[in-house]
Structure formats: structure tokens, C-alpha cells
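Residues per chain are reported as follows:
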Amino acid sequence: MNLNRLGHTRSSYQPDHLLLTPDTFVRAPRPGMENATAIVHVSPAVGAGFTWYTAEFAAGGKLGPASGQRFVYVLEGDISVDRRALGADGYAYLPEECDAQVTGAAGARASVIEKPYRAVGGVQQPEMLAGDEHEVAPAALMDDPDLQVRVLLPGHAGFDLAVNTMTFQPGASLPMVEIHVMEHGLVMLAGSGIYRLGEKWYPVTAGDFIWMAPYCPQWFGALGKTPAKYLIYKDWNR
């Protein structure tokens, strides 16, 4: 044990944001899980409008019922959604009340986002879909070729959430401090950088999770010698 690190963590819980680092993760199964466990990163318990957790599977593992619609992004290993095989960086969207089973092989891990669906009159809830992040064409954010966005869900009004990946070349950054009505959650998939959240500045790296409340000032810049990449959620179209 490193005595110099006793009581130290980069994790921080503030009224308008949350940074969780792997050294503070706690695992517990969610209702209906079998041969699997969860690290719940954020939920309505802190005022968030969604739940985000990492699911970790043992052999024969499966998720329980969703609390609303569900988005699954494979971090590692092999996962099956309604018998469709997904590997690393594969993903699936399951509408509310969808009974498709999500199962995983031993050692598989997935990011799971769940939220109640907010209906709009005359607009139909989307159907289940699945894809592979590598097959989604990247687009430069505000014409910056060093900041590439892959949009994983269609933008039509049936979806009340958006999920993207964002990849920053070393030294690239968001072009502005953003302050907006949308709520965010994100998990760092690769690389490292500096995140401004509210009036605080945090070093972040792969495996970290961040929640940002509406109107939380936010900015990111990538550091190091390899690209930084994160998976990010926001409420949308509502």
C-alpha cells in the first residue's frame, strides 16, 4: 500500500458536476442481472435525468429489465443483443419496453445508458437498432480536422437522446466553453486531457466518468502523445 495516497482521489462531487475515477468505483448488481455486476456512475439519485452504468459480465451473464429506453456500447469482449453479436465499439439502442435480451461472454464490459422516454405528440418512438462505431463516418467539429465526431443515433425527432464519440488529436480542444440546457454524461475511452467543469479544472484519463448538469460550464483539451476519445450522451430534441 502506498501510504502517501491514503485518502487521495481525483474523484469529485459538486452540485453541477461529477467526476468518478476507477479507484473509487463500487460494484453491485442491478435488479434482474444474472452473472453480471454494475458500476453505477450516475443516476437520478444525484438529480440526473438518466442512469449510466458499466456492466461487467461473467460467463452466461445478462442484464435485467431496463428502466426506460436503453443504449449499450461495448467496451470489451463479446456481447449479444437480441442474438445480434457485438464486439468492441459495437452499440445498440433498445426502445422503452423492448424485451430484447442483452447477454455477455466472460470478461465482457459495456457502457449502458437508460432513461425514461419523453414522447412528443405525433412522433413515433424509434425502433431497435444496432451498429458499429467504426462504420460511422466521422465529421470535423466546426471544421477542425483534429476533432472528429461520430454520431451514433439518427437525429430525427423520435429520439430524445443523442450519443456520440468524440476523438481529439493531441493538443486539440473544444473551440469554446459551452454552457447550455442539455445534460451530459461521458466516459473517457482513450487518452487523457484537462476538463473544465464549473470553476474547477481536472486531469482526466481513460476509464474516468463525468456527469454535467444543465448549464454547467464545460471545456476539454487533449494532452499527451496519443488521441483522446470519449463516449458522450446528451438529452436532445425535447
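On a predicted model such as this, the values are computed, not experimentally measured, just so you know.

### Observations regarding the sheet that holds strand 17 (residues 200-205)
Paired through backbone hydrogen bonds, the strands of a sheet run either parallel or antiparallel to each other.
Alright, step 1. Within the open sheet, the three strands sit side by side as 17-16-19. Their pairing is antiparallel. The strands lining the two open edges of the sheet, one partner per strand, are strand 17 and strand 19 (218-223). Each strand axis lies, on average, 20° off the axis of its neighbour in the sheet, ignoring direction.
Alright, step 2. Bridge analysis of strand 16 (residues 192-197) against strand 19 gives six bridges, and the strand direction is antiparallel. If you follow Y195 over to strand 19, its bridge partner there is F220.

### Some points on the sheet that holds strand 13 (residues 144-151)
Alright, step 1. With antiparallel pairing, eight strands are arranged side by side in an open sheet as 1-2-18-15-20-14-13-12. Two strands bound the open sheet, and with one partner strand each, they are strand 1 (12-14) and strand 12 (139-141). Taken over all neighbouring pairs, the strand axes of this sheet differ in orientation by 25° on average, direction set aside.
Alright, step 2. One ladder, built from four bridges, connects strand 15 (residues 184-190) with strand 18 (residues 209-212); its direction is antiparallel.

### Things to note about the pattern of salt bridges
Alright, step 1. Per the stated rule, a full pass over the model turns up nine salt bridges.
Alright, step 2. A salt bridge links E34 to K62; the shortest N-O distance between them is 3.9 Å. One end of the pair, E34, is in strand 3 (residues 34-42); the other, K62, is in strand 4 (residues 51-62), with 28 residues separating them in the sequence.
Alright, step 3. Overall, E34 belongs to the partly exposed group, its relative accessible area being 41%.
Alright, step 4. For the salt bridge of R70 with E114, the shortest nitrogen-to-oxygen distance reads 2.7 Å.

### Focus on the environment of Q69
Alright, step 1. Here Q69 shows up in strand 5 (residues 69-76).
Alright, step 2. Look at Q69 and you get buried, because its relative accessible area is 1%.
Alright, step 3. There is a polar contact of 2.6 Å between the side chain of Q69 and the side chain of Y93.
Alright, step 4. Separated by 2.7 Å, the side chains of Q69 and D160 make a polar contact.

### Some words on unusual backbone geometry
Residues apart from glycine generally show negative phi values, whereas peptide bonds are mostly found in trans.
Alright, step 1. At N35, a position not held by glycine, the phi torsion is positive, near 50°.
Alright, step 2. Topologically, N35 is positioned in strand 3.
Alright, step 3. Take N35: its relative accessible area is 48%, and that puts it in the partly exposed class.
Alright, step 4. Although it is not a glycine, D143 sits at a positive phi angle of roughly 65°.

### Describing the nonpolar core
Alright, step 1. In this structure, V42, F50, W52, F71, L152, V163 and W211 are the most contacted members of the largest nonpolar core, which totals 25 residues.
Alright, step 2. Of all the elements in the fold, those that place two or more residues in this core are strand 2 (17-20), strand 3, strand 5, strand 8 (90-94), strand 14 (161-168), strand 18 and strand 20 (228-235).

Cut-offs applied
- Residues numbered from 1 in each chain as written.
- Predicted model: local features only at pLDDT ≥ 70, side-chain atom pairs only at ≥ 80, totals over all residues.
- Heavy atoms only, no water.
- Pairing = 2+ DSSP bridges.
- Helix = DSSP H or I, 4+ residues; strand = E, 2+ residues; numbered from the N terminus.
- Axes fitted to C-alpha atoms, helices over the stretch in contact; angles between N-to-C directions.
- Salt bridge = Lys/Arg side-chain N within 4 Å of Asp/Glu carboxyl O.
- Buried < 20%, exposed > 50% of the residue type's maximum accessible area, 1.4 Å probe, protein only.
- Polar contact = N/O pair within 3.5 Å; in protein donor to acceptor, adjacent residues only side chain to side chain.
- Core = buried A, V, L, I, M, F, W, Y, C linked by side-chain atoms within 4.5 Å.

So yeah, pure geometry; function would need other evidence.
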